[in-house]
Amino acid sequence: MTKEKILKILLSVFKTQNFDVDTECKNDRWSADVIVNCGTYKVALNICKSPRNVAETYKTMRKERVCGCWLLMSKKYDISIPNDMPCFELSEQSDGIYVYLNSDFEDESLNMVRLDAFILSLIKGNIKFVQNMCVRYIEVCFFKTECWKCHKDFHVYFIKRLLSSDGVPIQCDDDFNDMFEFKPMVINAVEQFVKVHPEIGVRMGKIKQHFSKTRNEYYPSFGCTFCDSLYGNYYYKDDVNELIYCQLPEYRIEIPKGIDVSVKRWYKKKDEPN
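The structure presented is a predicted model; accordingly, all values stated were derived computationally and were not measured.

**Q** How would you summarise the overall build of the protein if you had to cite specific residues and measurements?
**A** On a plain count of helices and strands, the protein comes out with six helices and 14 strands. Taking 2.2 N^0.38 as the reference for a compact globule, 274 residues should give roughly 19 Å; the C-alpha atoms of the protein span a radius of gyration of 24 Å, well beyond that estimate. Across its three principal axes, the protein shows a C-alpha extent of roughly 75 × 40 × 35 Å. The buried share among the 274 residues of the protein stands at 43%. Residue pairs in contact within the protein that sit at least 24 positions apart in sequence constitute 58% of those at least 6 positions apart. Counting 39 positive and 39 negative side-chain charges, the protein places the centres of these two groups 3 Å from one another.

Following this line, the structure appears as structure tokens:
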């Protein structure tokens, strides 16, 4: 992957869309490899490895109604850039060059966008950074476990991923998860789903405050369907870590009122039809 190759892709996209484009633009405040004139605003693109003074330059550009964006080629050393700055790492795959929306997002299928599609969405204003999102749907996997006390099988669940109210996937990670499975609105939604879908054969115990002798405290946890014995969070997390990459059935469940979560992520909004 070279700067020339990336620039060639960008210019091809702009030519196809008949955009008004300037290259190698520079003034005494900032510079850009490509500037796209969008009428009431401009989009400035830089292709580099280690951009400097991004926050300051971006702020200066915004004052001039210019939206700056930095496309980052692979580099030897990581650099520290605030994650709310429009700096996106590139990756060359067998079928083309892709853009990582977030450098620390584990699920690549939710995080990678082809460069040509990314650029068009960027120019339309559909590449967004958000501090918070409203979770409207959860994708849940059920699995069996054996009760340590009565030795009967019962079901528990984990959340594979979250979906915002406008369909944007959100990774359910430990940064904000805090046992998302045990939030009251999530419990109610899952219990109602199991109740109206007996065909899936899920038998769950009551999710409530159980007492742990190990921790000497009550905490929200799964319980056995038959004897209500505690299924401890330590064992639960250990089982989930083994099963999360297995091909388990996934069920999409609605959270009627939604749950606000802190995400601090870039995402691609659905493009409006032309």
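**Q** I'd like to hear about the nonpolar core, residue by residue, with values.
**A** Soluble globular proteins tend to bury their nonpolar side chains together. By size, the foremost hydrophobic cluster in this structure holds 40 residues, and its most contacted members are I138, F142, Y157, F180, V186, V190 and Y236. Listing elements by their share of this core, those giving two or more residues are β8 (127-146), β9 (153-164), α5 (184-196), α6 (233-243) and β14 (251-268). It is β8 that contributes the most residues to this core, eight residues altogether. For V186, the residues in contact, after removing those within four places along its chain, are I138, Y157, I159, F180, E181, I255 and I259. Membership of the second largest hydrophobic core comes to 25 residues, among which are I6, V36, F88 and V113.

**Q** Please set out unusual backbone geometry residue by residue, giving values where relevant.
**A** Phi at R65 is positive, roughly 60°, even though this residue is not glycine. Positive phi is not limited to glycine here, since N216 has a value of about 55°. Residue position: N216 is located in the loop between β11 (208-212) and β12 (217-223). Using a relative accessible area of 58% as the deciding quantity, one classes N216 as exposed.

Here is what the cut-offs are and how they apply
Each chain has its residues counted from 1, running along the sequence as written. Totals for whole chains, interfaces and linings use every residue, but because this is a predicted model, local features are given only for residues with pLDDT of at least 70 and side-chain atom pairs only at 80 or more, for both listing and counting. Excluding hydrogens and water, the side-chain values take into account all heavy atoms of the structure. Starting at the N terminus, helices and strands are each numbered in turn, a helix being any DSSP run of H or I of at least four residues and a strand any DSSP run of E of at least two. Note on method: radius of gyration uses C-alpha positions; expected globular size equals 2.2 Å times residues raised to 0.38. For the exposure calls, accessible area comes from a 1.4 Å probe over protein chains only, and a residue counts as buried if that area is under 20% of its type's maximum, exposed if over 50%, partly exposed in between. Contacts were defined at the residue level, with two residues in contact if any of their heavy atoms lie within 4.5 Å. Charged residues are defined here as Lys and Arg on the positive side and Asp and Glu on the negative side; His and the ends of the chain fall outside this count. We put the charge of a Lys on NZ, of an Arg on CZ, of an Asp on CG and of a Glu on CD. In this text, buried Ala, Val, Leu, Ile, Met, Phe, Trp, Tyr and Cys residues form a nonpolar core when linked through side-chain atoms within 4.5 Å.

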